[in-house]
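# What the coordinates show
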Amino acid sequence: MTDFAATKAMFDLPEDVIYLDGNSLGPLPLAASDRVSDMMVKEWGQMLITGWNKAGWMGLPTGLGDRIGRLIGAEPGTVVTGDTLSIKVYQAVASALELCPDRKVVLSDNGNFPSDLYMVDGLLRSLGPDYELRVVAPEDVAANITDDVAVLMLTEVDYRSGRIHDMKALTELAHANGTVTVWDLAHSAGAIPVDLSGCNADFAVGCTYKYLNGGPGAPAFIYVAPRLTDRARPALSGWLGHEAPFAFDLDYRPGNGIERMRVGTPPILQMTALSAAMDIWDMADMADVRTKSIDLTELFIARVEGTCPELELASPRDPQQRGSQVSFRFTEGYAAMQALIARGVIGDFRAPDIMRFGFTPLYIDARDVERAVEILADIMQNRLWDAPEFKVRQRVT
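About the thresholds
Residues numbered from 1 in each chain as written. Predicted model: local features only at pLDDT ≥ 70, side-chain atom pairs only at ≥ 80, totals over all residues. Heavy atoms only, no water. Helix = DSSP H or I, 4+ residues; strand = E, 2+ residues; numbered from the N terminus. Expected span 1.5 Å × (residues − 1). Buried < 20%, exposed > 50% of the residue type's maximum accessible area, 1.4 Å probe, protein only. Arc of directions from axis to C-beta. Contact = heavy atoms within 4.5 Å. Axes fitted to C-alpha atoms, helices over the stretch in contact; angles between N-to-C directions. Parallel < 35°, antiparallel > 145°, perpendicular 65-115°, else oblique. Left-handed = near helix turned anticlockwise from the far one by under 90°. Nonpolar A, V, L, I, M, F, W, Y, C, P; charged D, E, K, R; others polar. Salt bridge = Lys/Arg side-chain N within 4 Å of Asp/Glu carboxyl O.

### Points about helix α4 (residues 60-71)
For α4, spanning 12 residues, the distance from its first C-alpha to its last is 17 Å, which sits close to the expected 16 Å at 1.5 Å a residue. All buried positions along α4 are accounted for by P61, T62, L64, G65, I68, G69 and L71. One face of α4 carries all of its buried residues, which in axial projection span an arc of 160°. Summarising the contacts, the buried residues of α4 are in contact with β2 (79-81), β8 (221-224), α9 (268-281) and α10 (286-307).

What follows is the structure in structure tokens.
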């Protein structure tokens, strides 16, 4: 069984703060500071450019990819880290489209993260006027997997509500129709058990700064199914995805397997911090994480609904249909969240009226939940949110 008391002790959590925003940015692993400092002083400082070989920097993207792969049900050698999630979305969808040259529709839903839709819209505009991004309601996705759809691109866990798409069922339906799947795991990796191999997924992407606790700007990852790795052409043909990057050929030849999905120089400082976070994840079993997550979210919902009648549950009530987050609607949700943050309970707000709370058992326990609800109830019952300073919108909500 995962020892969650031990994992909680491995994070640098500020005193008197209950952190319920790990679904947006995970907290700092205690080991990350020393790990990055050592890398800068002993590797970058002393090895200089020889660190690429001596310190193994060049292998970090695939090494970290395999460690992430364990959490998302990916076969060894099918995940690589680097770049940003938006870039990985572009890569995956572009490669998927080329596998279906006679089709020109990408299907998604209006619960998808807007950046995913922006990236695909930009890609399709570059490809020409015949291409279409078709966006439907989440509940209508299955009915819209028609014979003109090349790519089904979905975020498995809705960033606002936490609603979960059925990856296995939708992937099976897509494949029966000749459609390639791209799954965004931004709110899945480290939050819920994922089985990319068992679901026969084609492509998947995700970030590491949320539940995986890699830090702000931590690198993204991309998965390509083994049956496709040597067929998928990387549209972003970066030099480190080349078959022989240090041959400096003028003509691009894609590398072998998942290596071809590398683009530019890997961010070694960020990957070093991520490695410290993955040390903690190496101690965790995703089945245990899921069980504890459901316990915490069920407790939170019950306590909030019992003390804060003004708040309306915006997440699925069935925990099996919900990721590791809980969202409530409130017309003054922004102000209420700012008041809550001022009292040391950190969640976040998503327009137009969503108060969003993330639960990561690696560092959140039942006592945190009980105390957070006590503070929230005080703010709601005494209208402490109704103060001018809490209504001023900041750049990041």
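Moving on, there is more to tell.
### Focus on the packing of helix α11 (residues 333-342) against helix α12 (residues 366-381)
Across the interface, α11 lies against α12 with an axial gap of 10 Å and an inter-helix angle of 130°. The pairing of α11 with α12 is recorded here as oblique in orientation. As α11 packs across α12, the resulting crossing turns out to be right-handed. Where α11 abuts α12, its residues A336, A339 and L340 lie against I375, L376, I379 and M380. Among the residues forming the contact of α11 with α12, the class breakdown is 7 nonpolar, no polar and no charged.

### Regarding the pattern of salt bridges
The final tally for this structure, using the stated rule, is 29 salt bridges. In this structure, the salt-bridge partner of K8 is D368, at a minimum N-O distance of 2.8 Å. Linking K8 in helix α1 (residues 4-8) with D368 in helix α12, this pair joins segments that are 360 residues apart in sequence. Put simply, D249 and R253 hold a salt bridge, and the shortest N to O gap is 2.6 Å. Put simply, K8, D365, R367 and D368 are held in one network by salt bridges that share partners.

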